[in-house]
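Overview (structure and organization)
Each chain is listed here by its residues.
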Amino acid sequence: MTTAQRRPARPPPGGRHPASKVPEVTALFWVTKVLTTAMGESTSDFLVHRIDPVIAVCLGALGLTVALALQFFRRTYSTWSYWLAVVMVAVFGTMAADVLHIRFGIPYPVTSAFFAIALTLIFIAWYASERTLSIHSICTRRREVFYWATVMATFALGTAVGDMTAYTMGLGYRTSAVMFAVLIAIPGICYRWLGLNGIAAFWSAYVLTRPLGASLADWASVPHWRGGLGLGWGPVSLALAVVITGMVSYLAASGKDTGQATTGQAHAHQPGAGYGYATPAYASQPYREQPYREQPYREQPYREQPYLAYQEQSYREQAYPEPAYQQRSHQGRRAAGRAGPVPEYLAAPAAYVPAAAPPPRRASPPGGSGRPARGGRHRAPRG
(Lines give C-alpha, C1' and ligand atoms only; values in the text may rest on other atoms or scores of the structure.)
Protein backbone atom coordinates (compact mmCIF):
# COMPACT_ATOMS: atom_id res chain seq x y z
CA MET A 1 0.00 0.00 0.00
CA THR A 2 1.42 3.38 -1.03
CA THR A 3 1.46 6.60 0.95
CA ALA A 4 -1.17 8.12 -1.33
CA GLN A 5 -3.53 5.22 -0.66
CA ARG A 6 -3.15 5.46 3.11
CA ARG A 7 -3.99 9.13 3.21
CA PRO A 8 -7.42 10.54 2.55
CA ALA A 9 -7.47 12.57 -0.66
CA ARG A 10 -9.77 15.40 0.39
CA PRO A 11 -9.42 17.81 3.27
CA PRO A 12 -12.31 18.51 5.61
CA PRO A 13 -14.49 21.39 4.42
CA GLY A 14 -13.03 24.76 5.21
CA GLY A 15 -9.92 23.47 7.04
CA ARG A 16 -6.41 22.07 6.73
CA HIS A 17 -6.03 18.37 6.06
CA PRO A 18 -4.56 16.57 9.11
CA ALA A 19 -1.94 14.92 6.89
CA SER A 20 -1.06 18.06 4.92
CA LYS A 21 2.68 18.79 4.67
CA VAL A 22 2.13 22.52 4.22
CA PRO A 23 1.74 24.90 7.21
CA GLU A 24 -1.37 26.82 8.10
CA VAL A 25 -1.63 30.15 6.26
CA THR A 26 -1.43 32.84 8.94
CA ALA A 27 0.20 36.25 9.31
CA LEU A 28 3.36 34.56 10.59
CA PHE A 29 3.43 32.45 7.44
CA TRP A 30 3.50 35.53 5.19
CA VAL A 31 6.13 37.30 7.30
CA THR A 32 8.41 34.25 7.26
CA LYS A 33 7.83 33.80 3.54
CA VAL A 34 8.93 37.38 2.74
CA LEU A 35 12.01 36.98 4.95
CA THR A 36 13.03 33.76 3.17
CA THR A 37 12.70 35.42 -0.25
CA ALA A 38 14.87 38.29 0.92
CA MET A 39 17.45 35.87 2.30
CA GLY A 40 17.45 33.88 -0.94
CA GLU A 41 18.19 37.05 -2.94
CA SER A 42 21.00 38.27 -0.70
CA THR A 43 22.58 34.82 -0.27
CA SER A 44 22.52 34.14 -4.01
CA ASP A 45 24.17 37.47 -4.82
CA PHE A 46 26.78 36.91 -2.10
CA LEU A 47 27.76 33.46 -3.41
CA VAL A 48 27.80 34.50 -7.05
CA HIS A 49 30.04 37.51 -6.37
CA ARG A 50 32.39 35.68 -3.92
CA ILE A 51 33.01 32.41 -5.74
CA ASP A 52 32.71 31.12 -9.28
CA PRO A 53 29.08 31.37 -10.46
CA VAL A 54 29.12 27.79 -11.78
CA ILE A 55 30.28 26.47 -8.43
CA ALA A 56 27.70 28.63 -6.66
CA VAL A 57 24.89 27.26 -8.81
CA CYS A 58 26.09 23.68 -8.20
CA LEU A 59 26.16 24.29 -4.44
CA GLY A 60 22.65 25.78 -4.59
CA ALA A 61 21.37 22.77 -6.55
CA LEU A 62 22.98 20.38 -4.04
CA GLY A 63 21.47 22.19 -1.07
CA LEU A 64 18.05 22.20 -2.73
CA THR A 65 18.26 18.46 -3.43
CA VAL A 66 19.13 17.66 0.18
CA ALA A 67 16.38 19.92 1.57
CA LEU A 68 13.71 18.47 -0.73
CA ALA A 69 14.86 14.93 0.09
CA LEU A 70 14.35 15.63 3.79
CA GLN A 71 10.95 17.14 3.06
CA PHE A 72 9.77 14.22 0.92
CA PHE A 73 11.18 11.63 3.30
CA ARG A 74 8.95 12.76 6.16
CA ARG A 75 5.38 11.53 6.15
CA THR A 76 4.02 14.37 8.25
CA TYR A 77 4.59 18.10 8.37
CA SER A 78 7.80 19.29 10.00
CA THR A 79 8.39 23.00 10.57
CA TRP A 80 12.18 22.83 10.24
CA SER A 81 12.33 20.65 7.12
CA TYR A 82 9.62 22.67 5.36
CA TRP A 83 11.23 26.09 5.89
CA LEU A 84 14.67 24.72 5.07
CA ALA A 85 13.30 23.60 1.72
CA VAL A 86 11.73 27.04 1.20
CA VAL A 87 15.05 28.81 1.88
CA MET A 88 16.95 26.56 -0.54
CA VAL A 89 14.29 27.04 -3.21
CA ALA A 90 14.69 30.81 -2.73
CA VAL A 91 18.46 30.59 -3.16
CA PHE A 92 18.41 28.30 -6.19
CA GLY A 93 15.45 30.06 -7.83
CA THR A 94 17.32 33.35 -7.66
CA MET A 95 20.40 31.74 -9.18
CA ALA A 96 18.36 30.18 -11.99
CA ALA A 97 16.83 33.54 -12.93
CA ASP A 98 20.18 35.39 -12.69
CA VAL A 99 22.09 32.81 -14.75
CA LEU A 100 19.71 33.20 -17.71
CA HIS A 101 20.29 36.96 -17.70
CA ILE A 102 23.96 37.22 -16.73
CA ARG A 103 25.42 34.14 -18.46
CA PHE A 104 23.21 33.96 -21.55
CA GLY A 105 22.24 37.61 -21.85
CA ILE A 106 18.49 36.99 -21.96
CA PRO A 107 16.57 40.18 -21.06
CA TYR A 108 14.45 40.22 -17.92
CA PRO A 109 11.15 40.74 -19.80
CA VAL A 110 11.84 37.55 -21.77
CA THR A 111 12.76 35.52 -18.68
CA SER A 112 9.71 36.90 -16.86
CA ALA A 113 7.44 35.78 -19.70
CA PHE A 114 9.19 32.37 -19.82
CA PHE A 115 8.74 31.70 -16.10
CA ALA A 116 5.13 32.96 -16.24
CA ILE A 117 4.35 30.44 -19.00
CA ALA A 118 6.11 27.68 -17.04
CA LEU A 119 4.06 28.52 -13.94
CA THR A 120 0.83 28.48 -15.97
CA LEU A 121 1.65 25.05 -17.44
CA ILE A 122 2.37 23.67 -13.95
CA PHE A 123 -0.98 24.97 -12.71
CA ILE A 124 -2.79 23.39 -15.69
CA ALA A 125 -1.09 20.02 -15.17
CA TRP A 126 -1.76 20.15 -11.43
CA TYR A 127 -5.45 20.91 -11.83
CA ALA A 128 -5.92 18.35 -14.61
CA SER A 129 -4.40 15.66 -12.39
CA GLU A 130 -5.86 16.54 -8.96
CA ARG A 131 -8.86 18.79 -9.71
CA THR A 132 -7.69 21.23 -7.04
CA LEU A 133 -4.92 23.78 -6.47
CA SER A 134 -5.54 24.12 -2.74
CA ILE A 135 -2.50 23.99 -0.48
CA HIS A 136 -4.67 22.57 2.31
CA SER A 137 -4.72 19.18 0.57
CA ILE A 138 -0.99 18.53 0.05
CA CYS A 139 -1.22 15.04 1.51
CA THR A 140 -0.05 12.81 -1.37
CA ARG A 141 3.32 12.45 -3.05
CA ARG A 142 2.06 13.64 -6.43
CA ARG A 143 0.46 16.76 -4.98
CA GLU A 144 3.64 17.48 -3.08
CA VAL A 145 5.66 17.30 -6.32
CA PHE A 146 3.26 19.74 -7.99
CA TYR A 147 3.44 22.06 -4.99
CA TRP A 148 7.23 22.34 -4.91
CA ALA A 149 7.44 22.72 -8.69
CA THR A 150 4.99 25.61 -8.37
CA VAL A 151 7.01 27.16 -5.53
CA MET A 152 10.21 26.99 -7.57
CA ALA A 153 8.52 28.58 -10.59
CA THR A 154 7.07 31.38 -8.44
CA PHE A 155 10.52 32.14 -7.00
CA ALA A 156 12.12 32.31 -10.45
CA LEU A 157 9.27 34.44 -11.80
CA GLY A 158 9.38 36.80 -8.84
CA THR A 159 13.12 37.26 -9.17
CA ALA A 160 12.87 38.10 -12.87
CA VAL A 161 9.98 40.52 -12.34
CA GLY A 162 11.73 42.26 -9.44
CA ASP A 163 14.94 42.77 -11.44
CA MET A 164 12.91 43.92 -14.45
CA THR A 165 11.19 46.68 -12.46
CA ALA A 166 14.43 47.74 -10.77
CA TYR A 167 16.80 47.60 -13.77
CA THR A 168 14.83 47.56 -17.03
CA MET A 169 12.07 49.92 -15.96
CA GLY A 170 14.44 52.04 -13.86
CA LEU A 171 12.24 52.24 -10.77
CA GLY A 172 14.98 51.35 -8.34
CA TYR A 173 14.85 48.96 -5.38
CA ARG A 174 13.02 51.16 -2.88
CA THR A 175 10.29 52.18 -5.33
CA SER A 176 9.92 48.58 -6.48
CA ALA A 177 9.57 47.43 -2.87
CA VAL A 178 6.82 49.99 -2.20
CA MET A 179 5.01 49.06 -5.42
CA PHE A 180 5.05 45.33 -4.66
CA ALA A 181 3.94 45.99 -1.06
CA VAL A 182 0.87 47.73 -2.46
CA LEU A 183 0.25 45.02 -5.04
CA ILE A 184 0.49 42.19 -2.50
CA ALA A 185 -2.30 43.77 -0.45
CA ILE A 186 -4.74 43.75 -3.39
CA PRO A 187 -5.43 39.95 -3.36
CA GLY A 188 -6.07 40.07 0.40
CA ILE A 189 -8.51 42.96 0.04
CA CYS A 190 -10.31 41.28 -2.86
CA TYR A 191 -10.55 38.03 -0.90
CA ARG A 192 -11.80 39.69 2.27
CA TRP A 193 -14.35 42.12 0.89
CA LEU A 194 -14.90 41.41 -2.82
CA GLY A 195 -15.36 37.63 -2.78
CA LEU A 196 -12.20 36.60 -4.66
CA ASN A 197 -11.53 32.87 -4.72
CA GLY A 198 -9.22 31.83 -1.89
CA ILE A 199 -6.91 29.74 -4.09
CA ALA A 200 -6.47 32.53 -6.65
CA ALA A 201 -5.84 35.07 -3.89
CA PHE A 202 -3.24 32.85 -2.23
CA TRP A 203 -1.17 32.12 -5.32
CA SER A 204 -1.32 35.75 -6.49
CA ALA A 205 0.06 36.93 -3.17
CA TYR A 206 2.56 34.05 -3.09
CA VAL A 207 4.08 35.12 -6.43
CA LEU A 208 4.34 38.75 -5.27
CA THR A 209 6.19 37.85 -2.07
CA ARG A 210 9.26 37.00 -4.14
CA PRO A 211 9.80 40.42 -5.84
CA LEU A 212 8.86 42.18 -2.60
CA GLY A 213 11.47 40.32 -0.55
CA ALA A 214 14.09 40.56 -3.29
CA SER A 215 13.60 44.32 -3.67
CA LEU A 216 13.92 44.84 0.09
CA ALA A 217 17.10 42.71 0.25
CA ASP A 218 18.72 44.47 -2.71
CA TRP A 219 17.78 47.90 -1.33
CA ALA A 220 19.49 47.05 1.98
CA SER A 221 22.52 45.36 0.36
CA VAL A 222 23.59 47.38 -2.69
CA PRO A 223 25.86 50.43 -2.28
CA HIS A 224 24.62 54.01 -2.15
CA TRP A 225 25.50 54.85 -5.72
CA ARG A 226 23.03 52.15 -6.84
CA GLY A 227 20.26 53.51 -4.62
CA GLY A 228 20.69 51.16 -1.65
CA LEU A 229 21.72 51.36 1.99
CA GLY A 230 25.11 49.73 1.36
CA LEU A 231 24.93 47.14 4.18
CA GLY A 232 26.41 44.40 2.01
CA TRP A 233 25.05 40.99 0.94
CA GLY A 234 26.88 39.04 3.63
CA PRO A 235 25.64 40.99 6.69
CA VAL A 236 22.09 41.15 5.31
CA SER A 237 22.06 37.39 4.69
CA LEU A 238 23.37 36.68 8.18
CA ALA A 239 20.83 39.00 9.84
CA LEU A 240 17.97 37.48 7.86
CA ALA A 241 19.16 33.96 8.75
CA VAL A 242 19.05 34.82 12.47
CA VAL A 243 15.56 36.33 12.21
CA ILE A 244 14.24 33.39 10.19
CA THR A 245 15.70 30.92 12.68
CA GLY A 246 13.90 32.71 15.51
CA MET A 247 10.62 32.75 13.59
CA VAL A 248 10.82 29.05 12.71
CA SER A 249 11.72 28.17 16.31
CA TYR A 250 8.68 30.05 17.55
CA LEU A 251 6.41 28.32 15.02
CA ALA A 252 7.77 24.88 15.94
CA ALA A 253 7.35 25.51 19.67
CA SER A 254 3.92 27.14 19.55
CA GLY A 255 2.36 24.93 16.88
CA LYS A 256 0.63 27.91 15.26
CA ASP A 257 1.66 26.76 11.79
CA THR A 258 -0.41 23.60 12.22
CA GLY A 259 -3.37 25.00 14.16
CA GLN A 260 -2.31 23.10 17.32
CA ALA A 261 -0.97 25.77 19.65
CA THR A 262 0.94 24.46 22.67
CA THR A 263 2.01 26.28 25.84
CA GLY A 264 5.79 26.22 25.53
CA GLN A 265 5.99 22.42 25.36
CA ALA A 266 7.34 20.37 22.54
CA HIS A 267 4.98 18.43 20.36
CA ALA A 268 4.28 15.03 21.81
CA HIS A 269 4.16 11.92 19.72
CA GLN A 270 0.88 11.82 17.92
CA PRO A 271 -0.87 8.47 17.54
CA GLY A 272 -1.11 7.48 13.91
CA ALA A 273 1.86 9.61 12.80
CA GLY A 274 3.57 6.56 11.30
CA TYR A 275 0.53 5.77 9.19
CA GLY A 276 0.65 8.91 7.06
CA TYR A 277 -1.82 11.13 8.89
CA ALA A 278 -1.66 13.38 11.91
CA THR A 279 -3.98 13.40 14.86
CA PRO A 280 -6.62 16.17 14.59
CA ALA A 281 -6.36 19.13 16.92
CA TYR A 282 -9.35 18.13 19.00
CA ALA A 283 -7.75 14.73 19.84
CA SER A 284 -4.87 16.33 21.80
CA GLN A 285 -7.04 18.60 23.90
CA PRO A 286 -7.95 17.33 27.40
CA TYR A 287 -11.59 16.70 28.05
CA ARG A 288 -13.14 19.16 30.44
CA GLU A 289 -16.40 18.08 31.95
CA GLN A 290 -18.88 20.88 32.35
CA PRO A 291 -20.50 21.26 35.83
CA TYR A 292 -24.06 20.08 36.04
CA ARG A 293 -26.54 22.79 36.83
CA GLU A 294 -29.98 21.65 37.87
CA GLN A 295 -32.73 23.78 36.51
CA PRO A 296 -35.71 24.40 38.86
CA TYR A 297 -38.97 22.91 37.70
CA ARG A 298 -41.73 25.40 37.20
CA GLU A 299 -45.19 23.94 37.03
CA GLN A 300 -47.49 25.70 34.69
CA PRO A 301 -50.87 26.80 36.19
CA TYR A 302 -53.86 24.82 35.06
CA ARG A 303 -56.31 26.77 33.02
CA GLU A 304 -59.75 25.22 32.88
CA GLN A 305 -61.35 25.40 29.52
CA PRO A 306 -64.99 26.57 29.37
CA TYR A 307 -67.50 23.72 29.13
CA LEU A 308 -69.45 23.63 25.94
CA ALA A 309 -72.98 22.29 26.54
CA TYR A 310 -73.93 19.44 24.35
CA GLN A 311 -77.11 20.13 22.47
CA GLU A 312 -78.88 17.04 21.28
CA GLN A 313 -80.72 17.47 18.06
CA SER A 314 -84.38 16.32 18.22
CA TYR A 315 -85.37 13.74 15.69
CA ARG A 316 -88.15 14.73 13.35
CA GLU A 317 -89.66 12.02 11.22
CA GLN A 318 -90.48 13.14 7.76
CA ALA A 319 -94.05 12.45 6.53
CA TYR A 320 -94.16 9.72 3.97
CA PRO A 321 -96.15 10.91 0.95
CA GLU A 322 -98.61 8.12 0.10
CA PRO A 323 -99.30 7.92 -3.66
CA ALA A 324 -102.88 8.58 -4.71
CA TYR A 325 -104.51 5.82 -6.71
CA GLN A 326 -107.14 6.85 -9.29
CA GLN A 327 -109.29 4.19 -10.87
CA ARG A 328 -110.48 4.91 -14.29
CA SER A 329 -113.77 3.68 -15.70
CA HIS A 330 -114.16 1.72 -18.88
CA GLN A 331 -115.32 4.77 -20.72
CA GLY A 332 -112.38 6.70 -19.36
CA ARG A 333 -109.95 4.10 -20.59
CA ARG A 334 -111.55 4.11 -24.02
CA ALA A 335 -111.48 7.86 -24.08
CA ALA A 336 -107.85 7.90 -23.03
CA GLY A 337 -107.05 5.44 -25.81
CA ARG A 338 -108.65 7.70 -28.34
CA ALA A 339 -107.16 10.83 -26.97
CA GLY A 340 -103.55 9.66 -26.69
CA PRO A 341 -101.25 6.71 -26.38
CA VAL A 342 -102.47 3.68 -24.51
CA PRO A 343 -100.72 3.18 -21.15
CA GLU A 344 -98.23 0.43 -20.96
CA TYR A 345 -100.19 -1.72 -18.52
CA LEU A 346 -103.22 -1.68 -20.94
CA ALA A 347 -101.27 -2.21 -24.14
CA ALA A 348 -99.25 -5.18 -22.89
CA PRO A 349 -100.49 -8.60 -24.06
CA ALA A 350 -102.12 -10.92 -21.52
CA ALA A 351 -99.91 -13.43 -19.89
CA TYR A 352 -102.47 -16.31 -20.54
CA VAL A 353 -104.50 -16.57 -23.75
CA PRO A 354 -107.48 -19.07 -23.40
CA ALA A 355 -107.99 -21.65 -26.16
CA ALA A 356 -110.69 -21.04 -28.77
CA ALA A 357 -114.21 -22.39 -27.89
CA PRO A 358 -115.41 -25.48 -29.91
CA PRO A 359 -118.16 -24.93 -32.47
CA PRO A 360 -121.73 -25.66 -31.22
CA ARG A 361 -123.23 -29.09 -31.98
CA ARG A 362 -126.42 -29.48 -34.06
CA ALA A 363 -129.46 -30.65 -32.09
CA SER A 364 -130.82 -34.12 -32.96
CA PRO A 365 -134.60 -34.65 -33.78
CA PRO A 366 -136.80 -36.12 -31.10
CA GLY A 367 -136.81 -39.86 -30.82
CA GLY A 368 -133.72 -40.27 -32.84
CA SER A 369 -130.25 -41.37 -31.92
CA GLY A 370 -128.96 -38.03 -32.58
CA ARG A 371 -126.82 -39.09 -35.48
CA PRO A 372 -127.58 -37.95 -38.99
CA ALA A 373 -128.82 -40.58 -41.50
CA ARG A 374 -126.47 -41.86 -44.12
CA GLY A 375 -126.31 -39.83 -47.16
CA GLY A 376 -127.59 -36.92 -45.30
CA ARG A 377 -131.18 -38.14 -45.03
CA HIS A 378 -133.29 -39.22 -42.13
CA ARG A 379 -135.11 -42.59 -42.24
CA ALA A 380 -138.53 -43.08 -40.86
CA PRO A 381 -138.76 -45.46 -37.98
CA ARG A 382 -139.87 -48.92 -38.67
CA GLY A 383 -143.45 -50.09 -37.81
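Sequence order sets the numbering: in each chain, residues are counted from 1 along the sequence as written. In keeping with the predicted nature of the model, local features appear solely for residues at pLDDT of at least 70, side-chain atom pairs appear and are counted solely at 80 or more, and the whole-chain, interface and lining totals rest on all residues. Calculated side-chain values reflect all of the structure's heavy atoms, with hydrogen atoms and water omitted.

So, the packing of aromatic side chains
Centres within 6.5 Å make a pair out of two Phe, Tyr or Trp rings, where for Trp the six-membered ring is used; the pair is then stacked when the planes are under 30 degrees apart, edge-to-face when over 60, and tilted otherwise. Here the structure, examined in full by the defined rule, presents 18 aromatic pairs. Here Tyr82 and Trp83 contribute two aromatic rings whose centre-to-centre distance is 5.1 Å and whose plane-to-plane angle is 85 degrees, an arrangement assigned as edge-to-face. Exposure class is identical for Tyr82 and Trp83. Each is buried. By definition here, charges over rings are those cases where NZ of Lys or CZ of Arg is within 6 Å of the ring centre and within 35 degrees of the ring normal. When the ring centre of Trp193 is taken as reference, the NZ or CZ atom of Arg192 above it lies at 5.4 Å. Here's how the labels work: a residue is buried when its accessible area is under 20% of the maximum for its type, exposed when over 50%, partly exposed in between, all with a 1.4 Å probe on protein chains only.

Side note on unusual backbone geometry
The backbone phi angle of Arg131 is positive, close to 60 degrees, even though this residue is not glycine. Strands are runs of DSSP state E lasting at least 2 residues, helices are runs of H or I lasting at least 4, and numbering of each runs from the N terminus. Relative to the helices and strands, Arg131 is located in the loop between α5 (108-130) and α6 (141-168).

Structural notes on the pattern of salt bridges
Salt bridges, as used here, are contacts in which a Lys or Arg side-chain nitrogen is within 4 Å of a carboxyl oxygen on Asp or Glu. Under the defined criterion, the tally for this structure stands at four salt bridges. The residue Glu144 makes a salt bridge to Lys21 at a minimum N-O spacing of 3.1 Å. Placement of Glu144 in helix α6 and of Lys21 in the loop between α1 (3-6) and α2 (27-50) is noted, with a sequence separation of 123 residues between them. The partner of Glu130 in a salt bridge is Arg142, with the nearest N and O atoms 2.6 Å apart. Of this pair, Glu130 sits in helix α5 while Arg142 sits in helix α6, placing them twelve residues apart in sequence. Taking relative accessible area as the criterion, Glu130 reaches 12% and is therefore assigned buried.

Focus on the environment of Ser249
Structurally, the position occupied by Ser249 is in helix α9 (residues 233-254). As for Ser249 and Thr79, which are separated by 170 residues in sequence, their C-alpha atoms are 8.4 Å apart.

Let's talk about α6
Working rule for helices: expected span equals 1.5 Å times residues minus one. The terminal C-alpha atoms of α6 lie 40 Å apart, and with 28 residues this matches the ideal 40 Å at 1.5 Å per residue to within 8%. Counting buried positions along α6 gives 20 out of 28 residues, so the element sits mostly inside the fold. Where α6 ends, the next residue or the one after it, Gly170, has phi of about 70 degrees, a positive value.

Overview of the packing of helix α4 (residues 79-102) against α5
Angles run from 0 to 180 degrees between N-to-C directions of axes, and those axes are lines fitted to C-alpha atoms, restricted for helices to the stretch in contact. For the pair α4 and α5, interaxial distance at closest approach is 10 Å and the crossing angle is 140 degrees. The pairing of α4 with α5 is recorded here as oblique in orientation. Between α4 and α5 the crossing geometry is right-handed. Touching Ala97, Asp98, Leu100 and His101 of α4 are Tyr108, Thr111 and Phe115, all from α5. Along the lines of polarity and charge, the residues of the contact of α4 with α5 split into four nonpolar, two polar and one charged. Any angle that is under 35 degrees is reported as roughly parallel, and any over 145 degrees as roughly antiparallel; angles of 65 to 115 degrees are reported as roughly perpendicular and all others as oblique. Helix crossings are classified by the rotation of the near helix relative to the far one: an anticlockwise turn of less than a right angle makes the crossing left-handed, while a clockwise turn makes it right-handed. Any pair of residues with heavy atoms lying within 4.5 Å of one another is described as a contacting pair. We call Asp, Glu, Lys and Arg charged. Ala, Val, Leu, Ile, Met, Phe, Trp, Tyr, Cys and Pro are nonpolar, and the rest, Gly among them, are polar.

Looking at the nonpolar core
The term nonpolar core refers to a set of buried residues drawn from Ala, Val, Leu, Ile, Met, Phe, Trp, Tyr and Cys, joined through side-chain atoms within 4.5 Å. Counting 49 residues, the largest nonpolar core has Tyr82, Trp83, Trp126, Tyr147, Trp148, Trp203 and Tyr206 as the members making the most contacts within it. Of all elements in the fold, only α2, α3 (53-73), α4, α5, α6, α8 (198-221) and α9 reach the threshold of two or more residues within this core. Broken down by element, this core gets its largest block of residues, ten residues, from α4. With residues near it in sequence (within four places) discarded, Trp203 still touches Phe123, Trp126, Leu133, Ile135, Tyr147 and Thr150.

Digging into the confidence of the model for the chain
Across the chain, pLDDT averages 77, with 66% of residues at or above 70. pLDDT gives the predictor's per-residue confidence on a scale running from 0 to 100. Element-level mean pLDDT values for the chain span from 42 in α1 up to 93 in α9. Within the model, the stretch residues 262-284 combines pLDDT values under 50 with 26 contacts to residues more than four positions away or in other chains.

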